[in-house]
Amino acid sequence: MDVATVGTTVDENLPYYLPNGDECVVFEAAFRHQLPLLLKGPTGCGKTRFVAHMAARMGRPLYTVSCHDDLTAADLTGRFLLKGGETIWSDGPLTRAVREGAICYLDEIVEARKDVTVVLHPLSDDRRVLPLERTGEAITAPSTFMLVASYNPGYQNVLKSLKPSTRQRFLAITFDFPPAESEVKIVSAESGLPLEKCRSLVDLGWRFRALKNQDLDEGASTRLLVYCATLIRSGIPPINAIHSALIEPLSDDDDVKAGLMEIARATIG
């Protein structure tokens, strides 16, 4: 399948995703050659939907883990549990994915504790092995297993970043918000709001994104635009939908919110 075909084809039987480059081709090549993949991009730009789309396209089960400060290696691999007076081993999502030859997606991997990335090292190089110290197993990943991780580079700091020893075990794709016309199609397809009514919303989203690192820490995500369009389609007046779905999630500062509302009124009319 060539890049041009991938970029223009949307399969209605798969989770909706509109490609904007060769990301589908790269994912397919990574899956075929048993290579781990790292997705980099801002919150709400489509990374999680992309993985769901590609897992369905590859015909593989998908295990998604939302990483956080308290996530430990044991949460991924498994632990012994007491059931009915017996101590029984229970696989974690990563172990289940390896055993089943599924796709395991670690969302916002930099949020997890450092021992998590240590567990991933033998699984993300040419060994493709998941060692379980507590059971004495060393599970070799089948050819259909794939490890995918993501993070938002904009939130990285000295305390939360991927070490080079981890980053260089992965292929990587940089994601960003789609071009305006593509985003209009995405928002319309996801919300059911007609295309012409989505254009002004997308324009507003881009105006808010221009304020990133000025009045806003983050611009309006595609996800928020879909939420806003969904409210409008349900009958909520556009300016009210914008307030609830875009402005309130973006800031707690009353002055900033008032400024955003002025931009919204000027853009939407």
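Our subject in this report is the structure included herewith. (Residues numbered from 1 in each chain as written. Predicted model: local features only at pLDDT ≥ 70, side-chain atom pairs only at ≥ 80, totals over all residues. Heavy atoms only, no water.)

**Some words on the overall build of the protein chain**
In plain terms, the rule: Going along the chain from the N terminus, every DSSP run of H or I of four or more residues is numbered as a helix, and every run of E of two or more is numbered as a strand. Residue burial is assigned from relative accessible area. The probe radius is 1.4 Å, only protein chains are included, and a residue is buried under 20% of its type maximum, exposed over 50%, and partly exposed in between. Contact definition: two residues touch when any of their heavy atoms are within 4.5 Å. Residue-level accessible areas treat just the shown protein chains as cover; the underlying method is Shrake-Rupley with a 1.4 Å probe. When charges are counted, Lys and Arg contribute as positive and Asp and Glu as negative, whereas His and the chain ends are disregarded. Charge coordinates come from a single atom per side chain, which is NZ of Lys, CZ of Arg, CG of Asp or CD of Glu.
Across its full length, the protein chain carries 12 helices and nine strands. Dimensions of the protein chain, computed from C-alpha atoms along their principal axes, come out at roughly 65 × 45 × 40 Å. Counting every position in the protein chain, which comprises 269 residues, the buried fraction comes to 46%. Taking contacts inside the protein chain between residues at least 6 apart in sequence as the whole, the part at least 24 apart equals 68%. Accessible surface computed for the protein chain: about 13400 Å², of which carbon and sulfur atoms make up 51%. Here the protein chain contributes 29 positive and 35 negative side-chain charges, whose respective centroids are spaced 4 Å apart.

**Here we look at the packing of aromatic side chains**
Basically, it comes down to this: Two aromatic rings from Phe, Tyr or Trp, using only the six-membered ring of Trp, form a pair when their centres are within 6.5 Å; if the ring planes differ by under 30 degrees the pair is stacked, by over 60 it is edge-to-face, and anything between is tilted. Remark: a charge is flagged as sitting over a ring if the NZ atom of Lys or the CZ atom of Arg is within 6 Å of the ring centre and within 35 degrees of the ring normal.
For the structure shown, the criterion picks out four aromatic pairs. Here the aromatic rings of phenylalanine 50 and phenylalanine 175 are separated by 5.1 Å at their centres, their planes lie at 55°, and the arrangement is tilted. Residue phenylalanine 50 is found in helix H3 (residues 47-58), and its partner phenylalanine 175 is found in the loop between strand E9 (171-174) and helix H8 (180-191); the two are separated by 125 residues along the sequence. Looking at phenylalanine 50, the relative accessible area reads 0%, which means it is buried. The class of phenylalanine 175 is buried, set by a relative accessible area of 7%. By the ring-pair criterion, three or more aromatic residues cluster together here, those being Tyr17, Phe27, Phe50 and Phe175. Over the face of the ring belonging to phenylalanine 177 we find arginine 209, whose NZ or CZ atom lies 3.9 Å from the ring centre. Its guanidinium or amino end placed over the ring of tryptophan 206, arginine 209 lies 4.8 Å from that ring's centre, counting from NZ or CZ.

**Description of the environment of threonine 43**
Stated formally: N or O atoms within 3.5 Å of each other form a polar contact, as long as, within protein, one can give a hydrogen and the other can take it, and as long as residues adjacent in sequence are counted only when both atoms are side-chain atoms.
Here threonine 43 lies in the loop between strand E1 (37-40) and H3. Looking at threonine 43, the relative accessible area reads 32%, which means it is partly exposed. Along the backbone, threonine 43 and glutamate 218 are 175 residues apart, and their C-alpha atoms lie at a distance of 8.4 Å. Polar contacts involving the side chain of threonine 43 include one to the side chain of asparagine 152, which spans 3.5 Å.

The analysis is restricted to geometry; functional conclusions fall outside its scope.
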